Amino acid sequence: MRRTLTAFALCVACASTPQPSPDAAADAATDVAVDEPFFEEAAVLCPAPLGTPRARTMQPTPGPLDDALRMNHIQMKATHNSYHLRPTLQIPAWDYSHAPLDVQLQDQGVRSVELDLHWNAFCERFEVYHLGTIDDLTTCRAFTQCLDTIRTWSDAHPSHHPLFIHLEPKDNYAASALEARFAAMEREILSVFPRELIVTPDEVRGTSATVADAVRARGWPTLRASRGRVLFYIDRSDAFRTAYTHGGRDLEGRLAFVDSAMTDPFGAILVINNATRVDDIGAAVRANFIVRVFSWGPNDTDPARAPERVLATGAQIMSTDVPAMAPGVTTWVDVPGGTPSRCNPLNAPMGCTSAAVESLAR
């Protein structure tokens, strides 16, 4: 199967390119719904080998309320399938293209992006796209390329409030392959972002017994502690999550948070896409949990997903397919008064201002 090779940088395999390991071949045979490896008969194309993350040279400039404002006190715009380009197959739900990730961050006020992950068994690396063959056009094919685009923008604007990176691994794996997949995913992340630039579950848990106990009792890190950094969370609620949370117990040693319920010991971030669940969203936000909600897709007319209604729920992360004005678009999502984000209407402390949340001019 031929893949589109534009819009991302890959190296052509040569004599130094490692061949798939026996474990990788076994995984490819046992994995379910894994897309075909990204190669062609004449030449194998794989991402460049993993390196080490570069040092950050510029430090954040604190805001005036950085010791009072916490990560859950804000409200931001996010994009759904943030890498997505309109496919040639005309399907209304997929009829949208996103700008490159750094353009979203710089020009559209986006502060949370979503990346769908597919394991390439031949290259032993993750790729980013929606669905194989029918909807696989992307602004950044290699996972590390997507991450590097975000990191480069972050390095140039280190005073941004923390960025939230939503990961959705699309493949189903054999139970025996899960830990290897987790390790591979985290290796790729740590090849671009050093651990100190990532807000991790262990950091949020601190001395509390669980992450959920910590966010209820203390809340999230302050903006002073998290400015210029990123947070990863995984959108899976099946055996993948059970394994990642060590049997549903905790996130000890993991880089990413996971979609959860308020009753989960690892609970911290909830993916509640249905904006009509106003009471559930409000209860979670008031209990210091962070909530991601979806608002507005192409050709959407559902009032339940209207931007103003979603903003009123208090959900911190408002994801959309239409983050900016574009030809043919009559309704797009913005955060009124945000620069680009704003104070959360449900839980931000008195005196909070959008400029205190983020001002890249600082």
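Everything below is about the structure printed above this text.
**Student:** In this structure, what is going on with the pattern of salt bridges? I would like to understand it.
**Tutor:** Side chains bearing opposite charge may pair, as long as their charged atoms lie close to each other. As enumerated under the stated definition, the model contains 21 salt bridges in all. A salt bridge links Asp66 to Arg227; its shortest N-O distance comes to 2.6 Å. You can see Asp66 sitting in the loop between strand E2 (45–46) and strand E3 (74–79) and its partner Arg227 sitting in the loop between helix H7 (223–226) and strand E7 (230–234), a full 161 residues away along the chain. Arg227 gets classed as buried once you look at its relative accessible area, which sits at 4%. Here Arg125 makes a salt bridge to Glu188, at a shortest N to O gap of 3.5 Å. Residue Arg125 is found in strand E5 (residues 125–128), and its partner Glu188 is found in helix H4 (residues 178–190); the two are separated by 63 residues along the sequence. Each member of the pair, Arg125 as well as Glu188, carries the same accessibility label: buried. Bridged by salt links that share partners, the residues Arg54, Arg56, Asp148, Arg151 and Asp155 form one connected network.

**Student:** Mind showing me how you'd approach the packing of helix H3 (residues 143–156) against H4 here?
**Tutor:** The relative placement of two packed helices is expressed as an angle between their axes plus a distance between the axes. For the pair H3 and H4, interaxial distance at closest approach is 9 Å and the crossing angle is 35°. Here H3 and H4 pass one another in a crossing that is right-handed. For the pair formed by H3 and H4, the contact residues are Phe143, Thr144 and Leu147 on the first element and Met185, Glu188 and Ile189 on the second. Residue composition of the contact of H3 with H4, by class: four nonpolar, one polar and one charged.

**Student:** In this structure, what is going on with the packing of aromatic side chains? I would like to understand it.
**Tutor:** Note on aromatic pairs: each is described by the distance of the centres and the angle between the planes. This structure, assessed with the given rule, holds six aromatic pairs. For the pair Trp119 and Phe126, a centre-to-centre distance of 4.8 Å together with 65° between the ring planes defines the contact as edge-to-face. By relative accessible area, which is 3% here, Phe126 ends up buried. Aromatic pair Phe182 and Tyr244: ring centres 5.0 Å apart, planes at 85°, arrangement edge-to-face. Here Phe182, found in helix H4, pairs with Tyr244, found in helix H8 (residues 239–244); they are 62 residues apart in sequence, far enough to count as distant. Judged by relative accessible area, which is 0%, Tyr244 ranks as buried. Taken together, the ring pairs in this structure connect Trp119, Phe126 and Phe143 into an aromatic cluster. In this structure, Arg181 is placed above the aromatic ring of Tyr173, and the distance from its NZ or CZ to the ring centre is 5.2 Å. The side chain of Arg254 reaches across the aromatic face of Tyr244, ending 4.6 Å from its centre.

**Student:** I keep staring at the environment of Ile91 and nothing clicks. Help me out?
**Tutor:** Take Ile91: it is sitting in the loop between E3 and helix H2 (101–107). When its relative accessible area of 29% is taken as the criterion, Ile91 is described as partly exposed. Along the backbone, Ile91 and Asp135 are 44 residues apart, and their C-alpha atoms lie at a distance of 9.7 Å.

**Student:** Where do I start with a nonpolar patch on the surface in this structure?
**Tutor:** On the surface, Leu89, Leu131 and Ile134 cluster together into a nonpolar patch covering about 230 Å² of accessible area. In this fold, Leu89 is placed in the loop between E3 and H2. With a relative accessible area of 42%, Leu89 lands in the partly exposed category.

**Student:** Sorry, what's going on with the side chain of Glu114 here?
**Tutor:** Its location among the elements puts Glu114 in strand E4 (residues 110–120). Among the polar contacts listed, one links the side chain of Glu114 to the backbone nitrogen of Asn81, at a separation of 3.4 Å. Discounting chain neighbours no more than four positions away, the residues touching Glu114 are Thr79, His80, Asn81, Ser82, Tyr83, His166, Glu168 and Arg292.

**Student:** Whenever I open this one, the pairing of E5 confuses me. Can you help?
**Tutor:** For a regular strand, side-chain orientation follows a simple rule: the groups alternate between the two sheet faces. Of the two faces of E5, the one lined by Arg125 and Glu127 and the one lined by Phe126 and Val128 are each fully buried. Between E4 and E5, which pair antiparallel in sequence order, lie four residues; one of them, Glu124, sits at a positive phi of approximately 55°.

Rules behind the numbers
Residues numbered from 1 in each chain as written. Predicted model: local features only at pLDDT ≥ 70, side-chain atom pairs only at ≥ 80, totals over all residues. Heavy atoms only, no water. Salt bridge = Lys/Arg side-chain N within 4 Å of Asp/Glu carboxyl O. Helix = DSSP H or I, 4+ residues; strand = E, 2+ residues; numbered from the N terminus. Buried < 20%, exposed > 50% of the residue type's maximum accessible area, 1.4 Å probe, protein only. Axes fitted to C-alpha atoms, helices over the stretch in contact; angles between N-to-C directions. Left-handed = near helix turned anticlockwise from the far one by under 90°. Contact = heavy atoms within 4.5 Å. Nonpolar A, V, L, I, M, F, W, Y, C, P; charged D, E, K, R; others polar. Phe/Tyr/Trp six-rings, centres within 6.5 Å; stacked < 30°, edge-to-face > 60°. Lys NZ or Arg CZ within 6 Å of the ring centre and 35° of its normal. Patch = residues over 30% accessible without salt bridge, like charges linked within 9 Å, V, L, I, M, F, W, Y side chains within 5 Å. Areas by Shrake-Rupley, 256 points an atom, 1.4 Å probe, with all protein chains shown as cover. Polar contact = N/O pair within 3.5 Å; in protein donor to acceptor, adjacent residues only side chain to side chain. Pairing = 2+ DSSP bridges.

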